[in-house]
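Spelled out from the first residue to the last, the chains are:
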Amino acid sequence: MSEFSAKWISNKDFYNLEPIYVFHKDVDKKEIDHDDKYKNKHILFRKKITLDTFEKAAIRISADDYYKLYINGEFVTQGPAPGYNFNYYYNEIDVTKYLTKGENTIAVHTFYQGLVNRVWVSCDLRHGFVFDLRADGKLICRSDESWKCAYHTGFSSLGLIGYATQFAECYDSGASEVGFEAPDFDDSAWENAVIKTNSDYTLVPQPTKQLDIYDVHPAIIEKRDYGYFIDFGFEAVGYLKFTAKGNKGDTVIMRCGEELNDDGTVRYKMRCCCDYEEKFILSGGSADTLNQYDYKAFRYADLIVPEGVEINEASIVFTVRHYPYKQVKKYTGNNELLGKIFRLCSDTMKYGVQECFMDCPHREKGQYLGDVTISGIAHMELTGDASMIIKALDNYCQSSFICKGLMTVAPSSFMQEIADYSLQFPFQVLYVYKYTKDMGFLKRMYPYVMNVYEYFNAYRRENGLIESVKDKWNLVDWPMDLRDGYDFELTTIIGEGFHNVLNGFYLAMLKHIDEIRSILDIEPLCATKETEKGYIDMFLNKETKLFVDSEGSQHSSYQSNVLALFAQADVSEDIKENIIDFIRSKTLASGGTYMSFFALYSLKREGRTDIVEELICDKNTWSAMMDAGATVCHEVWKKEQKWNVSYFHPWSSCPAIILD
């Protein structure tokens, strides 16, 4: 299509606001906020157009923070993927099947959240909507002042969910804007949209697909004294939907969750710090349909139904949303347990990936750089499609304007940095290149790979090791009490001195960069051999033939030895075998689900598939999740291991990568 020349529009409250600069280094604490009157705003746009006979029609559309599009009363799609204003995504969609000859109605429900979190780049006072429609190549309509707009007054907040991740919704089906998408809706009282005066976007086509969105009926519906209990049979991401009839003002309370209380009710005050209790206010009309805007991750629902209210049981559905998923990789072995674990992990990737990769689709909804090492690679391996992980890596490259050592969550308005994750970026790039053989991708990534290298050089000492990387977290493993006694001080501002895991990742990074440079016909770094010598000299205990945690330490943790194996430290075969035996004896349960990837990946590379399968099958790892009723991977092996545990965490899906 031709140049996207449409204008960004908003309403009279937002159109002239000066954008807030929300970006800063993690350590440079900065309070970002604005007036509550601009938060949680649902803003609607409508336009009628007339079409002559046409063969094909397509639109380009975007909004900040988000949109849902309807044509002639029918839901079409939603988006875009989160983006920075200088690389903001628009969606290009064939809408031929939704349009007719004659009059057509375009209706768009936009949302500006106004919170600092990991979901979007929000709290920056940038709200807007941009659109154009072409039929057979001819411009028919674009966003301008002729569009009508209004606030949707049917949405109000019941408080914040998760880590200021979203607003709990109260939906009033008696609001005058309900049904705004219908062609016969009367918008004569609405105002005209206004062209934004501070539109500073650079629009780029979203390189990934639109979400798949479809309805799933419950596996179980039980009528109870309080209303209804519903079990959809598996955990997924999306929206609860049903129709109800009652008196005006009657309120149905919805409680969703990942697990049940001892009395069989839904645990809606979830372990992951999400309180999934929301409300549906009835209009008093013939039938009202619940219309939720923001999504949740859940399996179960309780409906608390007032006396006299009728619920249409056949209408109760879970509107599931996820990135289009067509699995090409299968588990081909004959171990039944491994097959079940592989399915658990593949289902996690199917239902967990949205417009971006997420650490979890409820508590944070953030695209974490370190999580992408596992979830991004797993998704690529399972589907054969690298577009999502490539977009994610591009997002991290874009974050380099804040720190050339890369931000941990991107794109977002929440500033977080984890050194361990940044050190994995070259590994991610190399893995994707080896999978795709896309030299253009590798060349595009290379300058950012070297930016990461240069960033960590500031912390490099004479012995070739890095220390005092204090402006980024030093994670090691998570949660904290699954670090196997790692004896280096890992407070928010870390202790003084050298420690193993960070330097293990650093050594691995240097080797990955050398491999990238070799592919690009560039000479290797001169730093790698010195770092390898320094790493072995400082951390290898020659008596125990194991790697210790920190300078002067006598303690050898599971994590320190996993990282030595991951970095392929140049040690003798007997030391390597001792490390492998140590990891085997410790089992994956000595650490978090995050570290299990590096253990299993390294063991598989060493040809030890027997140990790989043994460790995956251990009763205290993925089997423990399934014993607890998991249909998708949990954040930790057992729920007691983390006070705010998520029951839906794609970073636990590494068997989907490792198993063949």
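Above this note sits the structure.
The model shown is predicted, which means the values in this text are computed figures rather than measured ones.

K.L.:
An account of the pattern of salt bridges is needed here, citing residue identities and associated values.
P.N.:
Evaluation of the coordinates by the stated rule reveals 44 salt bridges. Here R271 and E259 are joined by a salt bridge, their closest N and O atoms 2.5 Å apart. Remark: E259 occurs in the loop between β20 (251-257) and β21 (277-281) and R271 occurs in the loop between β20 and β21; sequence separation between them is 12 residues. Look at E259 and you get buried, because its relative accessible area is 11%.

K.L.:
Which residues make up the sheet that holds strand β4 (residues 66-71), and what are the values?
P.N.:
Paired through their backbone hydrogen bonds, the strands of a sheet run either parallel or antiparallel. Pairing is antiparallel in the open sheet, where 6 strands are placed in the order β5-β4-β7-β2-β10-β13. Edge positions in the sheet fall to β5 (74-79) and β13 (191-192), since each of these pairs with one other strand and no more. By the bridge criterion, 11 bridges tie strand β2 (residues 41-51) to strand β7 (residues 102-112) in an arrangement that is antiparallel. Paired with L44 across the two strands is H109, which belongs to β7.

K.L.:
Requested: an account of the packing of helix α2 (residues 369-383) against helix α3 (residues 387-398), with residues and values cited.
P.N.:
Look at α2 against α3: their axes get within 9 Å of each other, and the N-to-C directions meet at 160°. With respect to α3, the element α2 is oriented roughly antiparallel. By crossing handedness, the relation of α2 to α3 is classed as left-handed. Across the interface between the two elements, L369, V372, G376, I377, H379 and M380 from α2 touch M388, I389, A392 and Y396 from α3.

K.L.:
Give a detailed account of helix α8 (residues 528-539), specifying residues and quantitative values.
P.N.:
The terminal C-alpha atoms of α8 lie 16 Å apart, and with 12 residues this matches the ideal 16 Å at 1.5 Å per residue to within 8%. Listing the buried residues of α8 in full gives T528, T531, E532, G534, Y535, I536, M538 and F539. Buried residues along α8 sit against α7 (500-519), β26 (540-541), β27 (546-547) and α9 (558-566).

K.L.:
Describe the packing of aromatic side chains, and please don't skip the residues or the numbers.
P.N.:
Applying the stated criterion across every chain yields a total of 50 aromatic pairs. Ring geometry for W8 and Y88: centres 6.1 Å apart, planes at 70°, overall edge-to-face. Here W8, found in the segment before β1 (9-10), pairs with Y88, found in strand β6 (residues 88-94); they are 80 residues apart in sequence, far enough to count as distant. Since its relative accessible area comes to 4%, Y88 is described here as buried. Three or more aromatic residues link up through ring pairs in this structure, and these residues are Y421, F427, Y431, F505, F566, Y594, F597, F598, Y601 and W651. Looking at K68, its charged tip hangs above the ring of Y293, at a distance of 4.4 Å from the centre. The ring of Y228 has K223 lying over it, and the distance from NZ or CZ to the ring centre is 5.1 Å.

K.L.:
Let's hear about the environment of N104: which residues, and what values?
P.N.:
Along the polypeptide, N104 turns up in strand β7. Excluding its chain neighbours within four sequence positions, the residues that come into contact with N104 are K47, K48, I49, L51, N72, Y98 and L99. A polar contact is formed between the side chain of N104 and the side chain of N72, at a distance of 2.8 Å.

K.L.:
I'd love a proper account of the pairing of β2, names of residues and values included.
P.N.:
A large share of β2 lies buried, amounting to 8 of its 11 residues. Inspection of the sheet shows β2 paired to strand β10 (residues 148-151) by 4 bridges, in the antiparallel sense. Bridged to I43 within β10 is Y151.

K.L.:
Summarise a nonpolar patch on the surface; cite the residues concerned and give the values.
P.N.:
A grouping of Y21, F86 and F401 is seen on the molecular surface, where their side chains present a nonpolar patch of about 300 Å² in accessible area. Note on placement: Y21 falls in the loop between β1 and β2.

Parameters and conventions
Residue indices follow the written sequence of each chain, beginning from 1 at its first position. The predicted origin of the model limits local features to residues at a pLDDT of at least 70 and limits the giving and counting of side-chain atom pairs to 80 or more, whereas totals for whole chains, interfaces and linings rest on all residues. Hydrogens and water molecules were not included; the side-chain quantities draw on all heavy atoms of the structure. Here, a salt bridge means any Lys or Arg side-chain nitrogen found within 4 Å of an Asp or Glu carboxyl oxygen. Think of it this way: any DSSP run of H or I at least four residues long counts as a helix, any run of E at least two long counts as a strand, and we number them from the N terminus. Remark: exposure states derive from per-residue accessible area (1.4 Å probe, protein chains only) relative to the maximum for the residue type, with buried under 20%, exposed over 50%, and partly exposed in between. Criterion used throughout: strands pair if DSSP finds at least two bridges between them. Structural elements are reduced to axes, namely lines fitted to C-alpha atoms, with helices fitted over the stretch in contact, and the angle between N-to-C directions of any two is expressed from 0 to 180 degrees. In this scheme, roughly parallel covers angles under 35 degrees and roughly antiparallel covers those over 145, while 65 to 115 is roughly perpendicular and the rest are oblique. Working rule for handedness: look at the near helix, and if it is turned counterclockwise from the far one by less than a right angle, call the crossing left-handed; if clockwise, right-handed. Here, residues are in contact when the closest pair of their heavy atoms is within 4.5 Å. Expected span, for any helix, means 1.5 Å times one less than how many residues it has. Whether two aromatic rings pair depends on their centres lying within 6.5 Å, for rings of Phe, Tyr and Trp, where Trp uses its six-membered ring; planes under 30 degrees apart make the pair stacked, over 60 edge-to-face, and the rest tilted. Only lysine NZ and arginine CZ atoms are considered, and such an atom sits over a ring when it is within 6 Å of the ring centre and within 35 degrees of the ring normal. We call two N or O atoms a polar contact when they sit within 3.5 Å, provided that within protein one can donate a hydrogen and the other can accept it, with sequence-adjacent residues counted only if both atoms are side-chain atoms. Within the patch definition used here, like charges are joined within 9 Å and nonpolar side chains (Val, Leu, Ile, Met, Phe, Trp, Tyr) within 5 Å, considering only residues with over 30% relative accessible area and no salt bridge. Computed with the Shrake-Rupley method and a 1.4 Å probe, the accessible areas treat only the protein chains shown as cover for residues.

Interpretation in functional terms is not warranted from these geometric data alone.
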